[in-house]
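Commentary on secondary and tertiary structure
Residues per chain are reported as follows:
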Amino acid sequence: MLNLPIPVRDYIDNLTVDTLSPAYLLAKKDGRLSNWGGKWSVYGITNLQQEKYVAEQLFFLEGLLPLDEVPIFLPCIKIKDEIFADVHLFSGDEGDWVLLLDATLEEKQRSLMQQKGNDLSLLRKKQAKVLNQYFSKNDPEDLAKDMLDLELKGERKDITILFADIRGFTAYSENNPPDIVFKTLNLYLLTIIQPILEEAGMVDKIIGDAVMGLFGVLASTGSAQTHAVKAALKMIEAIKNINTQQSNNSSALDIGIGIASGPVALGIIDSKNGKTFSAIGYHVNFAVSLENQASSSEIIIDVNTFNKIDNMQEYFLPTTFLDEGTQEPKKIYSYLVK
Amino acid sequence: MIQKKICMVGAFATGKTSLVERFVKSIYSNIYHTTVGVKIDKKLVKFGEQELNLILWDIHGEDEFQKVRMSYLRGSSGYFLVVDGSRRYTLETAFSLQQRVEDAIGEVPFILILNKADLIDESEIDDAAMAELSQKNWTVIKGSAKTGLGVEEAFGTLAKKMLEA
Ligand SMILES: Nc1nc2c(ncn2[C@@H]2O[C@H](COP(=O)(O)OP(=O)(O)OP(=O)(O)O)[C@@H](O)[C@H]2O)c(=O)[nH]1
Ligand SMILES: [Mg+2]
């Protein structure tokens, strides 16, 4: 036994009692309650009765008593609303001991992580299904169905649209054999798509050497704008990585990205080829225009996006965009990634 | 009063919590709240004169990062293997869990629920998977926590099996 001075031991004791709210009971080998104490009230248990069967009073103990010598540890059991306990069972000379230690805080922390992990995992799975359909040239029928609640049919929604286009691909395709061209295209497209999925976006369209991603359509935590800009940064980073991996200089391709946010019409269009998902509206076109203006490794975003990206604002410099239709200059923001 | 413990096991997000909520409270929600640790519910079922108190252990799902602890299964009289019919790999998870549960607590009655049967177009349980399942000679019930399909049947069948066991 660790030899601790009494004041230290007492301090630890108090700490445990305060933070872990221990509650214990002793069950006889015939399963009846013999003795109990500690903070049962924390767990909402106030009416324990001597000599009554323990499993009838605490139904989470059904099947567990009497213990066959081997202790049992049951972490994070929900005892009542919002209250969780680690349940320990071990046997002693007088019978079986049951000890509850509060695990409510731990449950809260684990819950956040687990939820995010599982949500992302499900999202990836859904998108992978969609991508498979794209790349295996299956009918991209019901593209949206996997990803959207039906209530979304023909809805107007505030979302963020990201448009990314591979630069120099046309020249590249003219100087290389077609099979290499398509292999490279696939590699780059998949590289661009991955960050969209990671940031809870959905891949709406792949048009030649460009990809359109929508953020804020699928439920997720955090602002759609932030997710989109993060995805853009990851894309540029990832493209740089594959460029350095590919020794041959002729394949030094790059991307430019445009991002705009605002209300668009989301809907499912029925055509003779089946149903396709579609986002329509000014902001979709605006994202395309911004992408057109972007040079290699440049991210250009509109004001609506800029306003919602918190501390990532510091990367961006204000500039202007001349709307060809209205001839009106518009304030936009640019980040040229070095 | 007879009381029996039943565990819900399976991959994450297969619908374990939803099935229990449908059975115990007749409610269903589309929103996904993952279960951390275990939630325990109970429900009284009747077979003629016979009354049985089911203690339902809704255990967290198995994911990339955490396996289900077999200590949770201790004292179970039966269990459900819950599979999401729209995610093929959740069937593999069920196969591996069944093995581990049997190693830990021995042979007790269990039923495999092919949940989310309402998502007909998205089903990933193809003929090959069905063939593999039928080879095992397990009790398999198609169900849906969303529509309620098969839920009463599943719990009723398992309860009966446990009483007979
Ligand atoms: N369409 C459909 N969706 C379902 C059905 N059952 C559950 N879901 C949905 O699937 C998701 C997961 O359901 P849960 O009951 O939380 O799954 P779980 O197995 O308890 O998940 P973990 O606790 O994380 O292991 C939720 O969004 C549910 O609404 C069903 O029968 N049909
Ligand atoms: Mg659950």
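Here we summarise the structure given alongside this text. Just so you know, these numbers come straight off a predicted model, no measurement behind them. (Residues numbered from 1 in each chain as written. Chains lettered and ligands numbered in written order. Predicted model: local features only at pLDDT ≥ 70, side-chain atom pairs only at ≥ 80, totals over all residues. Heavy atoms only, no water.)

1. Overview of the site of ligand 1
Close to ligand 1 lie 24 residues, the nearest being Lys16(B), Ser18(B), Tyr32(B), Thr34(B) and Asp118(B). Per-site note: the chains with residues close to ligand 1 are chains A and B. A distance of 3.2 Å is found between an oxygen atom of ligand 1 and a backbone nitrogen or oxygen belonging to Thr14(B). Note that an oxygen atom of ligand 1 is positioned 2.9 Å from one of the backbone N or O atoms of Gly15(B). When ligand 1 sits alone it has 650 Å² of accessible area, and the protein chains cover 94% of it. Of the residues forming the shell around ligand 1, the biggest block, 3 residues, is contributed by helix H1 (residues 16-25) of chain B. (Near = heavy atom within 4 Å. Polar contact = N/O pair within 3.5 Å; in protein donor to acceptor, adjacent residues only side chain to side chain. Areas by Shrake-Rupley, 256 points an atom, 1.4 Å probe, with all protein chains shown as cover. Helix = DSSP H or I, 4+ residues; strand = E, 2+ residues; numbered from the N terminus.)

2. Concerning the coordination of the magnesium ion (ligand 2)
Residue and element names in this part refer to chain B. Protein-derived ligands of the magnesium ion (ligand 2) are Thr17 (OG1) and Thr35 (OG1), with the metal-ligand distances lying across 2.0 to 2.1 Å. With Thr17 in helix H1 and Thr35 in the loop between H1 and strand E2 (38-47), this residue pair connects regions lying 18 residues apart in the sequence. Here Thr35 falls in the buried class, since its relative accessible area comes to 9%. (Donors = N, O, S within 2.8 Å, 3.2 Å for Na, K, Ca; no water. Buried < 20%, exposed > 50% of the residue type's maximum accessible area, 1.4 Å probe, protein only.)

3. Notes on the side chain of Lys16(B)
Residues and elements named next belong to chain B. Among the secondary structure elements, Lys16 is positioned in helix H1. For the buried Lys16, no salt bridge is present, and the opposite-charge side chain at shortest range is Asp58, 5.9 Å distant. Beyond its immediate stretch of four places on either side in the chain, Lys16 contacts Met8, Val9, Gly10, Ala11, Asp58, Ile59, His60, Gly61 and Val82. (Lys, Arg positive; Asp, Glu negative; His and termini not counted. Salt bridge = Lys/Arg side-chain N within 4 Å of Asp/Glu carboxyl O. Contact = heavy atoms within 4.5 Å.)

4. Points about unusual backbone geometry
For the bond running from Leu65(A) to Pro66(A), omega is -5 degrees, close enough to zero to count as cis. Structurally, Pro66(A) can be placed in the loop between helix H2 (54-57) and strand E3 (72-80). Within the chain, Cys76(A) stands out as a residue other than glycine whose phi angle is a positive 55 degrees. Structurally, the position occupied by Cys76(A) is in strand E3. Here Asn137(B), not a glycine, exhibits a phi torsion of approximately 65 degrees, which is positive.

5. Thoughts on the nonpolar core
Counting 52 residues, the largest nonpolar core has Leu89(A), Leu100(A), Trp57(B) and Leu73(B) as its most contacted members. The leading source of residues in this core is helix H2 (residues 89-105) of chain B, at 5 residues. Discounting chain neighbours no more than four positions away, the residues touching Leu73(B) are Lys5(B), Cys7(B), Val9(B), Ile59(B), Val68(B), Tyr79(B), Val101(B) and Ile105(B). (Core = buried A, V, L, I, M, F, W, Y, C linked by side-chain atoms within 4.5 Å.)

6. Brief notes about the packing of H1(B) against helix H4 (residues 151-164) of chain B
Residue and element names in this part refer to chain B. Running from N to C, H1 and H4 cross one another at 90 degrees; their axes reach a closest spacing of 10 Å. In terms of their interaxial angle, H1 and H4 are classed as roughly perpendicular. Here H1 contributes Leu19, Arg22 and Phe23 to the contact with H4, which in turn contributes Val151, Glu152 and Phe155. Here the residues of the contact of H1 with H4 sort into 4 nonpolar, no polar and 2 charged. (Axes fitted to C-alpha atoms, helices over the stretch in contact; angles between N-to-C directions. Parallel < 35°, antiparallel > 145°, perpendicular 65-115°, else oblique. Nonpolar A, V, L, I, M, F, W, Y, C, P; charged D, E, K, R; others polar.)

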